[in-house]
Amino acid sequence: MSDCQIIALSIMAESVGIDSESYLFGKLNKDYKADFPNLIHRCNFNRRRKILGPYLQQLNQLLADGMNQSESTFLIDSIPVPICKTAREKSGKICRENFETAPDKGYSSVNKAWYFGYKLHLVTSVRGIFHSMDLSKASVHDIHYLNEVKHSGLNNCTLIGDKGYLSKTWQSDLFHSVKVDLKTPMRNNQQNKERFQPIFRRFRKRMETLFAQLCDQFMLKRNYAKSLAGLSVRILTKLTAVTCLQFINKQNNKPLNHLKYDLAF
């Protein structure tokens, strides 16, 4: 199989909701053997997909940049990525090959519960198209990702976040370094509190819908990876699949974020 076929097969599987390589290869060998005469072994497929991670990233960035050319307003948020139950946090060995990148325990303010794993940080346009992303430990506060935003190529725009990104220091730093105007709701106990504009609240619902799609259709929170490299490329494949489906919808004049429309073509 060529590298392009490996990437295409990975994106196709995530698009139709197949995130288990064991199930995918069982299905291909049983029902579609004639369509894949050069089908490689599942272990070789996983190994090559990890190597091709940078090319998945390039594909995602190329398509997203083309669709984000005229955007001037972006959204920032994070979502928990648990890798196992909290009861197994001490006995589990998943992704522990390196102490510095090992998972840890974090708190999800949305679910009002602790979890063990990582946190996915995303910056998207108001239409839900990815701009940049990163994976951090679960205990890392959202505001620390703003330092990565400065080096992500984002400039001369408005960035909308939740209260987790509220900081006058970071707002000033982003504006003076890359001309990014960070907008967040203010806390109730702050002096001279200003009302968060309704249009910004409506924009933020796009990010919540995107997270729901990632968890539902692309099963973001279901993990089969054993290493951080495997987990990272799985998440990257899911995000690239979303971008590809959005691109197909745009080319066919369909609603951009009706991602299941493409599966009927």
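See the structure shown above.
A.B. asks: Quick question: what am I supposed to make of the layout of surface pockets here?
C.D. replies: Empty space among the atoms becomes apparent when a probe as large as a water molecule is rolled across them. Empty space within the largest pocket amounts to approximately 610 Å³. Going through the elements one at a time, strand E1 (73-84), strand E2 (104-108), strand E3 (113-125) and helix H7 (198-216) are the ones with two or more residues in the lining of the largest pocket. Across the lining of the largest pocket, the residue classes break down as 10 nonpolar, 8 polar and 8 charged.

A.B. asks: Sorry, what's going on with the packing of helix H1 (residues 3-15) against helix H3 (residues 42-51) here?
C.D. replies: The angle between the axes and the distance between the axes are what describe a pair of packed helices. Contact pair H1 / H3: the axes reach a minimum separation of 10 Å and the direction vectors enclose 100°. Between H1 and H3, the angle is such that the two are roughly perpendicular. Here Asp3, Ile6, Leu9 and Ser10 of H1 lie close against H3, whose contacting residues are Phe45, Arg48 and Arg49.

A.B. asks: Looking at this structure, I do not really get the pairing of strand E6 (residues 180-183). What am I missing?
C.D. replies: Each regular strand carries side chains that alternate between the two faces of the sheet. What you see with E6 is a clean split: Val180 and Leu182 sit on the buried side and Asp181 and Lys183 on the side with no burial. Bridging between strand E5 (residues 157-160) and E6 involves 4 bridges; their strand directions are parallel. Counted as the bridge partner of threonine 158 is aspartate 181 from E6. This β-α-β element, E5 to helix H6 (residues 168-178) to E6, shows right-handed connectivity.

A.B. asks: Quick question: what am I supposed to make of the pairing of E3 here?
C.D. replies: With 11 of 13 residues buried, E3 is to be regarded as a mostly interior element. As paired strands, E1 and E3 are joined by 10 bridges and run antiparallel to one another. Following the sheet pairing, cysteine 84 is matched in E3 by phenylalanine 116. Here E2 hands over to E3 after 4 residues, with lysine 112 in that stretch at a positive phi of 55°. With 7 bridges connecting them, E3 and strand E4 (residues 130-137) associate as antiparallel partners. Residue pairing across strands places leucine 122 opposite methionine 133, the latter belonging to E4. Connecting the antiparallel pair E3 and E4 is a turn made up of 4 residues, with glycine 128 showing a positive phi of about 90°.

Reading the values: rules and limits
Residues numbered from 1 in each chain as written. Predicted model: local features only at pLDDT ≥ 70, side-chain atom pairs only at ≥ 80, totals over all residues. Heavy atoms only, no water. 1 Å grid on protein atoms, 1.4 Å probe; cavity = no way out; pocket = protein on both sides within 12 Å on 5 of 7 lines; lining within 4 Å. Points joined across faces, edges and corners; volume = space filled by probe spheres on them. Helix = DSSP H or I, 4+ residues; strand = E, 2+ residues; numbered from the N terminus. Nonpolar A, V, L, I, M, F, W, Y, C, P; charged D, E, K, R; others polar. Axes fitted to C-alpha atoms, helices over the stretch in contact; angles between N-to-C directions. Parallel < 35°, antiparallel > 145°, perpendicular 65-115°, else oblique. Contact = heavy atoms within 4.5 Å. Buried < 20%, exposed > 50% of the residue type's maximum accessible area, 1.4 Å probe, protein only. Pairing = 2+ DSSP bridges. Right-handed = clockwise from strand over helix to strand, strands pointing away.

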